[in-house]
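Inside the fold
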Amino acid sequence: MNTIPTSQTVDLATVSLRELNQSLHRLGDRTNLSHWRILNPRGAHALACGLDADVTVEVDGDAGYYCAGMNKRATVIVHGNVGIGVAENMMSGRVYVKGDASQAAGATGQGGLLVVDGNTSGRCGISMKGIDIVVKGSIGPMSAFMAQAGSLVVFGDAGDALGDSIYEARLFVRGTVKSLGADCIEKPMKDQHRAELYAKLKEAGVAGEVDVGEFKRYGSARTLYNFHVDNASAY
Amino acid sequence: MNEHSRPPQTVPRLSATFDPATMAEIRRAAATGIYDIRGGGTKRKLPHFDDLLFLGASISRYPLEGYREKCGTDVVLGTRYAKKPIHLKTPVTIAGMSFGALSAQAKEALGRGASMIGTSTTTGDGGMTPEERGQSKTLVYQYLPSRYGMNPDDLRRADAIEVVVGQGAKPGGGGMLLGQKISPRVAKMRCLPEGIDQRSACRHPDWTGPDDLEIKIEELREITDWEKPIYVKVGASRPYYDTALAVKAGADVVVLDGMQGGTAATQDVFIEHVGIPILAAIRPAVKALQDLGMHRKVQLIVSGGIRSGADMAKALALGADAVAIGTAALIALGDNDPRWEAEYQKLGTTAGAYDDWHEGRDPAGITTQDPDLAKRLDPELAGRRLANYLAVMTLECQTIARAAGKSHVHNLEPEDLVALSIEAAAMAGVPLAGTNWIPGQGSF
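Residues numbered from 1 in each chain as written. Chains lettered and ligands numbered in written order. Predicted model: local features only at pLDDT ≥ 70, side-chain atom pairs only at ≥ 80, totals over all residues.

Now for the interface of chain B and chain A. The partner chain A presents 36 residues to the 21 residues of chain B that form the contact. Along the lines of polarity and charge, the residues of the side of chain B that touches chain A split into 11 nonpolar, 3 polar and 7 charged. (Contact = placed C-beta atoms within 7 Å. Nonpolar A, V, L, I, M, F, W, Y, C, P; charged D, E, K, R; others polar.)

Here you go:
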């Protein structure tokens, strides 16, 4: 008796990116092909972007710009590094980067979870709108710029101007913050915030790796929400 | 000494440099300490399409019969890469304007009017509303730096995607929507707290420069399976290079917006002093397309102060494939209508001059989120008015094209035009009327 295949391996050395993404976009809710493995990504851009299915896609190697962009529902795991804008504008689902991420990781993300095992470059979580981001290394400058909603958790350090012009996103950093951006302040880390952070880490599957008591919390002072001429020097 | 012996007196003379408006602005700035914010486009006199004239048919050219011979107006946008280019019956489209800046009723009316006449409308810096999508047969979805409300479902629901790099009213500036207009619905769509002064980013968060833009466009194409035409919109400032770089980045369509183009809100100093008039921008953009062998392959849409079929015909003659209107469309819906004069007076202005669109108190119910004001605009009636206006523009454009002997409005060409001023002649690259002199071309 034949068994229905549940996994698919695609070698980008022989299959085009277009064919791969088209195949992934055609997956319906009742697909049996719930696990995909991508070989030889060789830094391809727009890899596994625009997915909208309950599937897992594992990438064996490095991906280029906008990997898993606008992801919905899918789990994308990159066993390598990623370029600019990984999981940009993600709506839901999960994206794991086992290496480092370049700039604008999780940019404008509206939901879902992005976990980066390594470091990210600048502008991590820029304009985030509800995504949860966990970076186990450090993040570069101008991260969480104009961050609107969601949470950014950093096990390591943060670069200059963290949370500049931040709205309601919640930032948790375990290491040092080189400087805070306009209107971003450190806020008290109370029990409820430690519980919130723990829940985020548990969701990301890394709750046991760090002590939530070691984190500091940052967020908006909300002084720039409505323009006042006396604040002009802050811009 | 009687009155007849008084020496002649100097009459009071106002300064051309410090005119009443300038002095009033100095006093306002001194009193408030903050720059002036307003909506709309530039109000200064600029070289414009009024400075061009068509040469009708004559002995060497013969015209087409006005009511008997066909003059085509259709245009196809997105023929370069998109699997599903969009087909419009007339080359005048509705420019991007946001729900937030405009009421839901106004957005619906724009969709209705555009659909009735067979053209497209465009979202704005606030995402796509169901009213707008439902009433717009062809809807262009803007991809802006803020990414408010951006999601892949709407991206796929759209008929085309417009990557907004800038707009003519404020090239280099981001969107602005002040607290009065951040209603609960607007706030939810933009994921912002209610009542804040929203200042959108002026740069995209995840790409900088033309090389990144190329990759971004590739991503948008991949997400939409290469079906949708992708436009790149720029404010007119360096039109030759911006057009060339947009083409290099893979655009199907370039949208070029001159400084007469309106905005929901920004600083008056930005509107009046940054960017160039659309008249000066079209020929360099067309030259860039021609130099790359892409004229008519990558379509060019121009906007900024387009008011009539004559403006439309002149833009097409200079090499554009279509035009877009924003302010004129709002006027057709009912913006600045004298019927609301009493209420404009209460706001300290008058019909025709009302530009405090950012304050959300629009008596016409268009640039507002106040539910009572917004109810004043009937989307069906306003949509009908817009359709009528678009039809008139199209007829006017055809009238001129036939007079010039063209069986399609796209057959209009620079050779059909002359300029009334040296400035317009230089900017449009057409001769000064009565001469064969095109300033700026050739040696002196």
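For the rest of this paragraph, the subject is the environment of Arg296 of chain B. Residues and elements named next belong to chain B. Considering the arrangement of structural elements, one finds Arg296 in the loop between α9 (278-291) and β14 (299-303). The class of Arg296 is partly exposed, set by 13 C-beta atoms lying within 10 Å. For the pair formed by Arg296 and Glu162, sequence separation is 134 residues and the distance between their alpha carbons is 18 Å. (Helix = DSSP H or I, 4+ residues; strand = E, 2+ residues; numbered from the N terminus. Buried ≥ 20, exposed ≤ 12 C-beta atoms within 10 Å, placed from the backbone.)

Residues and elements named next belong to chain B. Compared with the 20 Å implied by 1.5 Å per residue over 14 residues, the 20 Å span of helix α2 (residues 104-117) between its first and last C-alpha is a close match. The element α2 is extensively covered by neighbouring structure, given that 12 of its 14 residues are classed as buried. For α2, the complete set of buried residues consists of Ala104, Gln105, Ala106, Lys107, Glu108, Ala109, Leu110, Gly111, Arg112, Gly113, Ala114 and Ile117. Close packing links the buried residues of α2 with β5 (92-94), β6 (120-122), α3 (130-135), α11 (327-333), α13 (371-374) and α14 (379-403). (Expected span 1.5 Å × (residues − 1).)

One non-glycine residue, Met146 of chain A, adopts positive backbone phi at about 50°. Looking at where Met146 of chain A falls in the secondary structure, it is placed in the loop between β7 (129-135) and β8 (149-154). Non-glycine residue Arg296 of chain B carries a positive phi angle of around 75°.

Right, let's get into the nonpolar core. In this structure, Ala251 and Val323 of chain B are the most contacted members of the largest nonpolar core, which totals 203 residues. If we skip the residues at most four places from it in the chain, Ala251 of chain B touches Ile217, Ile230, Tyr231, Val232, Ala246 and Val298 of chain B. (Core = buried A, V, L, I, M, F, W, Y, C linked by C-beta atoms within 7 Å.)

Quick look at the sheet that holds β5 of chain B now. Residues and elements named next belong to chain B. In space, the 8 strands of this open sheet follow the order β5-β15-β14-β12-β11-β8-β7-β6, with parallel pairing throughout. Of all strands in the sheet, those bounded by a partner on one side alone are β5 and β6. In this sheet, neighbouring strand axes are inclined to one another by 30° on average, regardless of whether the strands run parallel or antiparallel. (Pairing = 2+ DSSP bridges. Axes fitted to C-alpha atoms, helices over the stretch in contact; angles between N-to-C directions.)

Bringing the sheet that holds strand β9 (residues 170-173) of chain A into the picture now. Residue and element names in this part refer to chain A. Spatial ordering of the open sheet is given by β1-β2-β3-β4-β5-β6-β7-β8-β9-β11-β10, a layout of 11 strands whose pairing is mixed. Edge strands, defined here as strands with exactly one partner in the open sheet, are β1 (7-11) and β10 (184-187). Direction aside, neighbouring strands of the sheet carry axes that sit 15° apart on average. Relative to strand β5 (residues 94-97), strand β4 (residues 75-78) runs parallel, the two sharing 4 bridges. Bridge pairing in β5 links Val76 to Val95. The sheet contacts of helix α2 (residues 191-203) involve β6 (113-116), β7, β8, β9 and β11 (216-220), and relative to β8 the element is tilted by about 80°.

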